[in-house]
Amino acid sequence: MSDTWVDGNGLAGALRELFAVDITTARGTCVGCGTVGPVAGARVYTRAPGVVARCPGCGGVLFRLVRGPDRAWLDLRGVTCLEIQVPDSG
Ligand SMILES: [Zn+2]
């Protein structure tokens, strides 16, 4: 960690509001370099109008989250796939 970013666990509260599961354990694939890892492994920058999560491998933007008074905008364009564990439905 550094003084300008925290790890992906810093997204837990903001994303828990949007997703019914803890999304920080989901595994994402970076568009830029193909690194696969948990959302918790991202570098999260919070000194912005929203939060920006960057790839620990290449520094590319994985996603951006902006929260307004009654809605949120989630830009996932830096992630090719997000693998989310869910309870067994069987
Ligand atoms: Zn990357």
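Enquirer: An account of the pairing of strand 5 (residues 51-54) is requested, with residue identities and associated values reported.
Expert: Neither face of strand 5 is left uncovered, since the one carrying Val51 and Ala53 and the one carrying Val52 and Arg54 both have all their residues buried. Here strand 4 (residues 43-45) runs beside strand 5; their pairing, made up of three bridges, is antiparallel. Residue pairing for strand 5: arginine 43 is matched across the bridge by arginine 54. In this structure, the hairpin formed by strand 4 and strand 5 is closed by a connection of five residues. Here four bridges tie strand 5 to strand 6 (residues 61-67), and the two strands are oriented antiparallel to one another. Looking at the pairing, valine 51 lines up with leucine 65 of strand 6. Taking the residues between adjacent antiparallel strands as the criterion, strand 5 and strand 6 are bridged by six residues, where glycine 59 takes a positive phi near 85 degrees.

Enquirer: Give me the lowdown on the pairing of strand 2 (residues 27-30), citing residues and values where you can.
Expert: Burial of the side chains of strand 2 is restricted to one face: Gly28 and Cys30 are buried, whereas none of Arg27 and Thr29 on the reverse face is. By the bridge criterion, three bridges tie strand 2 to strand 3 (residues 36-38) in an arrangement that is antiparallel. Bridge pairing links threonine 29 to valine 36 in strand 3. What sits between strand 2 and strand 3 in their antiparallel hairpin is a turn of five residues, with glycine 34 showing a positive phi close to 85 degrees. Where strand 2 lies against strand 8 (residues 79-83), four bridges are found, and the strand directions are antiparallel. Considered in strand 8, the bridge of threonine 29 is made with cysteine 81.

Enquirer: I'd like a description of the environment of arginine 43, backed by residues and values.
Expert: Within the secondary structure, arginine 43 is located in strand 4. In the structure, arginine 43 is positioned 26 residues away from glutamate 17 in sequence and 20 Å away in space, judged by C-alpha atoms. In contact with arginine 43, other than residues within four places in its own chain, are Trp5, Asp7, Ala53, Arg54 and Pro56.

Enquirer: Describe the sheet that holds strand 6, and please don't skip the residues or the numbers.
Expert: The five strands lie next to each other as 1-4-5-6-7, forming an open sheet whose pairing is antiparallel. If you trace the sheet from one side to the other, it starts and ends with strand 1 (6-7) and strand 7 (72-75), each paired once.

Enquirer: Could you give me a rundown of the sheet that holds strand 3, with the residues and numbers involved?
Expert: The three strands lie next to each other as 3-2-8, forming an open sheet whose pairing is antiparallel. Both outer strands of the open sheet, strand 3 and strand 8, are each paired with one neighbouring strand and no more. Each adjacent strand pair in this sheet contributes to an overall mean axis angle of 25 degrees, direction not counted.

Rules used throughout
Residues numbered from 1 in each chain as written. Predicted model: local features only at pLDDT ≥ 70, side-chain atom pairs only at ≥ 80, totals over all residues. Buried ≥ 20, exposed ≤ 12 C-beta atoms within 10 Å, placed from the backbone. Helix = DSSP H or I, 4+ residues; strand = E, 2+ residues; numbered from the N terminus. Pairing = 2+ DSSP bridges. Contact = placed C-beta atoms within 7 Å. Axes fitted to C-alpha atoms, helices over the stretch in contact; angles between N-to-C directions.

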